[in-house]
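Understanding the architecture of this molecule
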There are 2 protein chains.
Amino acid sequence: MSTNTITAFEPRKTPVQARSTVTVKAISEATIQVLLTHGADRLTTTRVAGRAGVSVGTLYQYYPNKRSLLFAVFEDHLNKVSRTVELACEDARDKALSEMIRQVVEAYVDVKMQRADISVALYKVAPDVGGPALVKQTVQRLRKAIGSMLLTASDVKLSPDKFAIDLMLSAMAGAMRSALEAGASPAMFRKMREHLVLLCQSYMAAAMAKGA
Amino acid sequence: MSTNTITAFEPRKTPVQARSTVTVKAISEATIQVLLTHGADRLTTTRVAGRAGVSVGTLYQYYPNKRSLLFAVFEDHLNKVSRTVELACEDARDKALSEMIRQVVEAYVDVKMQRADISVALYKVAPDVGGPALVKQTVQRLRKAIGSMLLTASDVKLSPDKFAIDLMLSAMAGAMRSALEAGASPAMFRKMREHLVLLCQSYMAAAMAKGA
DNA sequence: CGATTGGATGAAGGATTCTTCAGGTTTGGA
DNA sequence: TCCAAACCTGAAGAATCCTTCATCCAATCG
């Protein structure tokens, strides 16, 4: 089960005093720093602890193992992405289909770009950190938000296909990943964004037409 | 450079006698076997050698390091994919745009499915094995094949946009990856295939119209 | 039939890193 | 003030693997 995959990374202890709250946050941020400056292979528990200004022992008091460090970072990142897209969905309610798609796609592209460095770093470690399980959760969340948004479309009245939404999401993610990993330039990204909107719009239109 | 990334994995010695040719092939196949049965983390050089029926020393005579084992497998896989898609492109020359896209997409989906197990296993190790570099090569190769095919389209006469082709490829790859990692059922894949054709067709049509 | 090159062996070296835990320090409430 | 709980420390244990190299076997050639 995906739940199992995830519980293995859950925190060991929850901070009680203010002191440890600070510590935990420091560790979490140190993880990102080390990930970005040293890369995934040179990410050791000792190094993270050092950067956080605590000892390894302390780290292990809150994180059960090394992978849980990355897992936490991954989780945060995906949450941020989810929240952003969900907001876009809220905002696009009752608009026309193509406008909805535009907002969602642009929101997604923009969040990923904002944290392009983290995104790229996470692509590398995802497989070792229960990435697929987390991604699955995220997709469910987004599917729900998008599906519910689509129901309010002003121009089309069709039950949106779960399958189509998933396909759109994975296609979008794939395209972004490719661009991010290639280190595309800002200009490139602007073009990407436009084209991705086009891609999703034309597909969704076609998919909904087909479903009818 | 990506070339550098790749040269670090190049073979150490090339087989001369028939004996060693057999050995190298055995090692390469053992790598796949171990990868599929034990998983990437439990893939050790000793284990691969054992499964191949040779000693570790022999393995290191032909492969400079552990990662080069996976690299070789990855390279083979991508070559197979490339060849298959290239053939589809040849076959689709002079046809209508939508038919071209159909053939390419279906060819891609089908090869990946044929080796679904290997595909999934490789997703996991790709980052540690110079995956991005290899993928970049593959994309170039496919972009060329597809671009040249599009020039012969019977219904549209437009210079195909490099950018659009890349986007289509990465979207396609993303969708496939997602489905493969989720362990989708055969029925699911048939639907995927259909929809992916639709997605690519509608996007390419839109992109080419826009370019004009 | 030597000699030379190719091929194979596998114990041992070497390097890393994760993770624990026994013991010291700080905090906050009674 | 005093104590129990919360926190922190970091040396050392323990487990893995990768990779080498000195040495021996097999094949090919003149």
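Rules used throughout
- Residues numbered from 1 in each chain as written.
- Chains lettered and ligands numbered in written order.
- Predicted model: local features only at pLDDT ≥ 70, side-chain atom pairs only at ≥ 80, totals over all residues.
- Heavy atoms only, no water.
- Helix = DSSP H or I, 4+ residues; strand = E, 2+ residues; numbered from the N terminus.
- Buried < 20%, exposed > 50% of the residue type's maximum accessible area, 1.4 Å probe, protein only.
- Contact = heavy atoms within 4.5 Å.
- Areas by Shrake-Rupley, 256 points an atom, 1.4 Å probe, with all protein chains shown as cover.
- Lys, Arg positive; Asp, Glu negative; His and termini not counted.
- Charge placed at Lys NZ, Arg CZ, Asp CG, Glu CD.
- Buried area = accessible area lost by both parts, 1.4 Å probe.
- Salt bridge = Lys/Arg side-chain N within 4 Å of Asp/Glu carboxyl O.
- Polar contact = N/O pair within 3.5 Å; in protein donor to acceptor, adjacent residues only side chain to side chain.
- Nonpolar A, V, L, I, M, F, W, Y, C, P; charged D, E, K, R; others polar.
- Near = heavy atom within 4 Å.
- Axes fitted to C-alpha atoms, helices over the stretch in contact; angles between N-to-C directions.
- Parallel < 35°, antiparallel > 145°, perpendicular 65-115°, else oblique.
- Left-handed = near helix turned anticlockwise from the far one by under 90°.

When you go through chain A residue by residue, the secondary structure sums to 10 helices and 0 strands. Mapped in sequence order, the helices and strands of chain A form the string α-α-α-α-α-α-α-α-α-α. Out of the 212 residues in chain A, the part that is buried amounts to 46%. For chain A, long-range pairs separated by at least 24 residues make up 71% of all intrachain contacts whose partners lie at least 6 apart in sequence. Just so you have it, chain A exposes about 10200 Å², and 53% of that area is on carbon and sulfur atoms. When the 28 basic and 19 acidic side-chain charges of chain A are each reduced to a single mean position, those positions are 6 Å apart.

Glancing now at the interface of chain B and chain A. Of the residues lining the interface, 25 residues belong to chain B; the matching set on chain A comes to 25 residues. Considering only the surface of chain B that becomes buried against chain A, B:F163, B:H195 and B:L199 emerge as the three largest contributors, covering 23% of it. One salt bridge connects A:K191 with B:D161, and the closest N-O pair in it is separated by 3.9 Å. Viewed at the interface, chain A and chain B are joined by 2 residue pairs in polar contact (both at pLDDT 80 or more). Contributions of two or more residues to the side of chain B that touches chain A are made by α7 (116–125), α9 (162–181) and α10 (186–211) of chain B. Looking at side-chain class alone, the side of chain B that touches chain A contains 14 nonpolar, 5 polar and 6 charged residues.

Lining the immediate surroundings of DNA strand C are 23 residues, of which A:Y60, B:S20, B:T23, B:S55 and B:T58 lie closest. Among the atoms of DNA strand C lying within 4 Å of the protein, the sugar-phosphate backbone contributes 75%. Here a phosphate oxygen of DNA strand C sits 3.2 Å away from a polar atom, N or O, in the main chain of A:T45. Separating a phosphate oxygen of DNA strand C from a backbone N or O atom of A:K66 is a distance of 2.9 Å. Contributions of two or more residues to the surface near DNA strand C are made by α4 (56–62) of chain A together with α2 (18–38) and α4 (56–62) of chain B.

The relative placement of two packed helices comes down to the angle between their axes together with the axis-to-axis distance. Residue and element names in this part refer to chain A. Look at helix α5 (residues 66–92) against helix α7 (residues 116–125): their axes get within 11 Å of each other, and the N-to-C directions meet at 130 degrees. When the axes of α5 and α7 are compared, the pair comes out oblique. Crossing of α5 over α7 shows left-handed handedness. From α5, L70, V73, F74 and H77 reach across to α7, where they touch I118, S119, L122 and V125. Classifying every residue of the contact of α5 with α7 gives 6 nonpolar, 2 polar and no charged.

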